[in-house]
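Close look at the chain arrangement
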Amino acid sequence: GPKSTVTGYWFLELKSLFSVVLLRFDDGSRDEYHNHAFDSLNWVLWGHLTEQPLDQKDREHRPSWRPILTRRSMFHRVKSRGTSLVLSFRGPWNRTWHEYSQKSGRYTRLTHGRKVVP
């Protein structure tokens, strides 16, 4: 989104099948929580991330050979301490996903191109 601290470098994207992307997380995080349109397997290659699931305990992620499974149903936000790099293998995309703002208490439904869906 517009306030995102993440830049994606796509190696391959076929949303109906899978995607491979290198994610660069700059220091910090967005305020909004979100889920994803896809399930993914992710490897932290560099840096230190804190995954902050909605209504769950925070999880720390550092470089490891073990992947991080992110289900499309997981509402979370991710905070980077400095710059972090993540290699992400994403499964097929659903048509929509959601963001949640704690400030407003509202969910926003999104589709491809981050377009708001009623």
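Up top you'll find the structure we're talking about.
Before going into details, it helps to say that this report is about the structure given with it. (Residues numbered from 1 in each chain as written. Predicted model: local features only at pLDDT ≥ 70, side-chain atom pairs only at ≥ 80, totals over all residues. Heavy atoms only, no water.)

**Remarks on the nonpolar core**
Of all hydrophobic cores here, the largest spans eight residues; its members are Val 21, Leu 23, Phe 25, Val 44, Leu 49, Ile 68, Val 78 and Val 86. Ignoring sequence-local partners within four residues, the contact set of Leu 49 consists of Phe 25, Val 44, Arg 59, Glu 60, His 61, Val 78, Lys 79, Ser 80, Ser 84 and Val 86. In this structure, Ala 37, Phe 38, Trp 93 and Trp 97 belong to the second largest nonpolar core, which totals five residues. (Core = buried A, V, L, I, M, F, W, Y, C linked by side-chain atoms within 4.5 Å. Buried < 20%, exposed > 50% of the residue type's maximum accessible area, 1.4 Å probe, protein only. Contact = heavy atoms within 4.5 Å.)

**As for the packing of aromatic side chains**
All chains considered together, the criterion is met by five aromatic pairs. Judged by centre distance (5.8 Å) and plane angle (90 degrees), the rings of Trp 43 and Phe 89 are edge-to-face. Of this pair, Trp 43 sits in strand S4 (residues 40-46) while Phe 89 sits in strand S9 (residues 84-90), and the two are 46 residues apart along the sequence. Of the residues examined, Trp 43 reaches a relative accessible area of 23% and is grouped as partly exposed. With 5.4 Å between their ring centres and 85 degrees between their planes, Phe 75 and Tyr 107 make a pair best called edge-to-face. Of this pair, Phe 75 sits in the loop between strand S7 (68-70) and strand S8 (76-80) while Tyr 107 sits in strand S11 (residues 106-111), and the two are 32 residues apart along the sequence. Using a relative accessible area of 17% as the deciding quantity, one classes Phe 75 as buried. (Phe/Tyr/Trp six-rings, centres within 6.5 Å; stacked < 30°, edge-to-face > 60°. Helix = DSSP H or I, 4+ residues; strand = E, 2+ residues; numbered from the N terminus.)

**Side note on unusual backbone geometry**
Its identity is not glycine, yet Asp 55 carries a phi of approximately 65 degrees, on the positive side. Along the chain, the position of Asp 55 falls in the loop between strand S5 (49-53) and strand S6 (59-61). Among the residues examined, Asp 55 registers a relative accessible area of 77% and is labelled exposed. The phi torsion at Arg 114 lies on the positive side, around 60 degrees, for a residue other than glycine. Take Arg 114: it is sitting in the loop between S11 and strand S12 (115-116). Overall, the relative accessible area of 31% leaves Arg 114 in the partly exposed class.

**Details of the pattern of salt bridges**
In total, this model carries eight salt bridges according to the counting rule given. Salt-bridge contacts for Arg 24 lead to Asp 26; the nearest nitrogen and oxygen are separated by 2.8 Å. Under the relative-accessibility criterion, Asp 26 is labelled partly exposed at 28%. Residues participating in the shared-partner salt-bridge network are Arg 30, Glu 32, Glu 99 and Arg 114. (Salt bridge = Lys/Arg side-chain N within 4 Å of Asp/Glu carboxyl O.)

**Regarding the environment of Asp 39**
Among the structural elements, Asp 39 can be located in the loop between strand S3 (33-34) and S4. Overall, the relative accessible area of 24% leaves Asp 39 in the partly exposed class. Separated by 35 residues in the primary sequence, Asp 39 and Met 74 place their C-alpha atoms 9.3 Å from one another. With residues up to four places along the chain from it excluded, the contact list for Asp 39 reads Thr 70, Arg 71, Arg 72, Phe 89, Arg 90 and Gly 91. For Asp 39, the side chain forms a polar contact with the main-chain nitrogen of Arg 72, separated by 2.7 Å. (Polar contact = N/O pair within 3.5 Å; in protein donor to acceptor, adjacent residues only side chain to side chain.)

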